[in-house]
Amino acid sequence: MRRGEVVKGSKTALVTGASKGIGRCYALRLADLGYNVVMVASTEEELSATADEVRTSHPEVWIKHLTKDLATPTAAEEMFAWTESEGIKVDVLINNAGIFSFCDILNTPPQRIDRIITLHAITATHLCRLYADDMISRGGGHILNMSSYSIWMPYPGLSLYSASKAYLKSFSVAFSKEVRDKGVKVTAICPAGIATDLYGLSPKLQRFGLKTGILMSPESCARRGLNGLWRGQRCKVPDWWFRLFIPICQCLGGAPMRWLRNFTMKFQK
């Protein structure tokens, strides 16, 4: 059997942010590995269409979807209550839902600040606590949290996004040590740029990024993230060359930083 593969329909995975991009790829890959899949996202039309796609391509497992805004203080408890009421026991949790922000804090609306911190920190933390506790009572499970390469790039405009993702990585590594001996494996994946609509890049720029290696495909990111999860890695940075650039990202300052800020100001929104 392939790494992570299970008997068809014997286990269940829950993927947030599952309507498109990396979340869609996680859902497809997990269904291919034999998991029933619960797909959660905030947009009904997109989510329903993607759920139908996964359902059609993998009729041997069942697919359920829930339309829910996870950027609210009580979202985690409400989602857990829903899975319990449906009799769904989650064996793999993928905290993939995210909100990208490239904007100076002084220009960022307070509501946007609240939503990003709530989604990346509060909701993800409570989902880990709720589902890990249930996993432990049944013998174990897996949790994958989507952090970001930007945690090593606290650049102007990324202060909110990179800080919230840095929390998620730090939390994941420490939490994994708390629950590893109880049968739950926790991984934080920190990918660099992905060729999705998250950053607002045009299809042309996405294709250019893929060809040059600046961007990774969502399919590759999902595959590498799950491989890291099955292997029990606490933190995974996909592709070795991105790991080489971490010290450079951390040390960048002075004139290069001023040039970078001046160049990127026109892209902030």
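Our structure's up above, just so we're on the same page.
Bear in mind the structure is a predicted one, so any value in this text is a computation, not a measurement.

## Considering the pairing of strand S5 (residues 141-146)
The buried fraction of S5 is high, at 6 of 6 residues. Here S5 shows a buried face lined by Gly-141, Ile-143 and Asn-145 and a second buried face lined by His-142, Leu-144 and Met-146. Sheet topology note: the strand S4 (residues 92-95)/S5 ladder contains 4 bridges and is parallel. Bridging from a neighbouring strand, Val-92 pairs with His-142 of S5. In terms of handedness, the path from S4 via helix H4 (residues 110-137) over to S5 forms a crossover that is right-handed. With 6 bridges joining them, S5 and strand S6 (residues 184-189) adopt parallel strand pairing. Opposite Met-146, over in S6, you have Ile-189 as the bridge partner.

## Concerning the nonpolar core
Counting 33 residues, the largest nonpolar core has Tyr-26, Leu-30, Met-39 and Ile-94 as its most contacted members. Of all elements in the fold, only strand S1 (12-16), helix H1 (21-32), strand S2 (36-41), helix H2 (44-57), S4, S5 and helix H7 (218-231) reach the threshold of two or more residues within this core. For this core, the element with the most residues is H1, which contributes 7 residues. The residues touching Ile-94, leaving out its near neighbours within four places in the chain, are Leu-14, Val-15, Thr-16, Tyr-26, Leu-30, Leu-144, Leu-226 and Leu-229. Residues Leu-14, Ala-76, Ile-88 and Leu-93 belong to the second largest nonpolar core, which totals 27 residues.

## Concerning the packing of helix H3 (residues 75-85) against H4
Between H3 and H4, the least distance of the axes is 8 Å, while the angle of their chain directions is 30 degrees. With respect to the hand of their crossing, H3 and H4 are arranged in right-handed fashion. Every residue of H4 that contacts H3 at Ala-75, Ala-76, Glu-77, Met-79, Phe-80, Thr-83 and Glu-84 is listed here: Thr-123, His-126, Leu-127, Arg-129, Leu-130, Tyr-131 and Asp-134. Split by residue class, the contact of H3 with H4 holds 7 nonpolar, 3 polar and 4 charged.

## Observations regarding the side chain of Lys-68
Within the secondary structure, Lys-68 is located in the loop between strand S3 (63-67) and H3. Separated by 2.6 Å, the side chains of Lys-68 and Glu-78 make a polar contact.

## Topic: the environment of Ala-27
Following the sequence through the fold, Ala-27 ends up in helix H1. Take Ala-27: its relative accessible area is 0%, and that puts it in the buried class. Linking Ala-27 and Ala-51, residues 24 residues apart in sequence, is a C-alpha distance of 8.6 Å. Not counting residues within four places of it along the chain, the set of residues in contact with Ala-27 comprises Val-15, Val-37, Met-39 and Val-54.

## Considerations on empty space enclosed by the protein
Per the counting criterion, the structure on display carries 1 cavity of 30 Å³ or more. The space that makes up the largest cavity amounts to roughly 70 Å³. Around the largest cavity sit Thr-16, Leu-70, Asn-95, Ala-97, Leu-119, His-120, Thr-123, Ala-124, Leu-127 and Leu-168, which together line it. No other element matches H4, which puts 5 residues into the lining of the largest cavity. Residues that form the lining of the largest cavity fall into these classes: 6 nonpolar, 4 polar and no charged.

The rules we used
- Residues numbered from 1 in each chain as written.
- Predicted model: local features only at pLDDT ≥ 70, side-chain atom pairs only at ≥ 80, totals over all residues.
- Heavy atoms only, no water.
- Buried < 20%, exposed > 50% of the residue type's maximum accessible area, 1.4 Å probe, protein only.
- Helix = DSSP H or I, 4+ residues; strand = E, 2+ residues; numbered from the N terminus.
- Pairing = 2+ DSSP bridges.
- Right-handed = clockwise from strand over helix to strand, strands pointing away.
- Core = buried A, V, L, I, M, F, W, Y, C linked by side-chain atoms within 4.5 Å.
- Contact = heavy atoms within 4.5 Å.
- Axes fitted to C-alpha atoms, helices over the stretch in contact; angles between N-to-C directions.
- Left-handed = near helix turned anticlockwise from the far one by under 90°.
- Nonpolar A, V, L, I, M, F, W, Y, C, P; charged D, E, K, R; others polar.
- Polar contact = N/O pair within 3.5 Å; in protein donor to acceptor, adjacent residues only side chain to side chain.
- 1 Å grid on protein atoms, 1.4 Å probe; cavity = no way out; pocket = protein on both sides within 12 Å on 5 of 7 lines; lining within 4 Å.
- Points joined across faces, edges and corners; volume = space filled by probe spheres on them.

Nothing here speaks to function; it is all geometry.
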